[in-house]
Amino acid sequence: MAANEYQVTGMTCGHCEMSVREEVSEISGVTDIQVSAQTGKLVVSASDEVDDAKVLAAVEEAGYTAVRV
């Protein structure tokens, strides 16, 4: 199992977290998503390696920006 951590900017509330979680959950192989608007931290766990480009695109689709940390 692989886990990647990202720093997301622009999230301010629980609805923001839900939007990010919803978009990232559509990526094939993702098994767990931890996201916090308070810290801006996003941790994506998957059965195999996660494609950073897909995660970053999903976060952007939700209306935010992210970088891998």
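Structure's up top.
Residues numbered from 1 in each chain as written. Predicted model: local features only at pLDDT ≥ 70, side-chain atom pairs only at ≥ 80, totals over all residues. Heavy atoms only, no water.

A. Inspection of the side chain of Asn-4 at higher detail. By the element assignment, Asn-4 lies in strand S1 (residues 2-9). For Asn-4, the side chain forms a polar contact with the side chain of Tyr-6, separated by 3.3 Å. At 3.4 Å, the side chain of Asn-4 forms a polar contact with the side chain of Asp-52. Once residues lying within four places of it in the same chain are set aside, the contact partners of Asn-4 are Leu-42, Val-43, Val-44, Glu-49, Val-50, Asp-52 and Arg-68. (Helix = DSSP H or I, 4+ residues; strand = E, 2+ residues; numbered from the N terminus. Polar contact = N/O pair within 3.5 Å; in protein donor to acceptor, adjacent residues only side chain to side chain. Contact = heavy atoms within 4.5 Å.)

B. Fine view of the pairing of S1. With burial as the criterion, only one face of S1 is covered, namely that bearing Ala-2, Asn-4, Tyr-6 and Val-8; the residues Ala-3, Glu-5, Gln-7 and Thr-9 on the opposite face remain uncovered. In terms of strand pairing, S1 meets strand S3 (residues 41-46) through 6 bridges, oriented antiparallel. In the sheet register, Glu-5 faces S3, and the bridge partner there is Val-43. Of the pairings in the sheet, the one linking S1 to strand S4 (residues 65-68) comprises 4 bridges and is antiparallel in character. Residue Gln-7 lies in a different strand from S4, and its bridge partner there is Val-67. (Buried < 20%, exposed > 50% of the residue type's maximum accessible area, 1.4 Å probe, protein only. Pairing = 2+ DSSP bridges.)

C. Fine view of the environment of Thr-9. Tracing the sequence through the fold places Thr-9 in strand S1. For the pair Thr-9 and Leu-42, spaced 33 residues apart in the sequence, the C-alpha separation amounts to 10 Å. Apart from the residues within four sequence positions on either side, Thr-9 is in contact with Tyr-64 and Thr-65.

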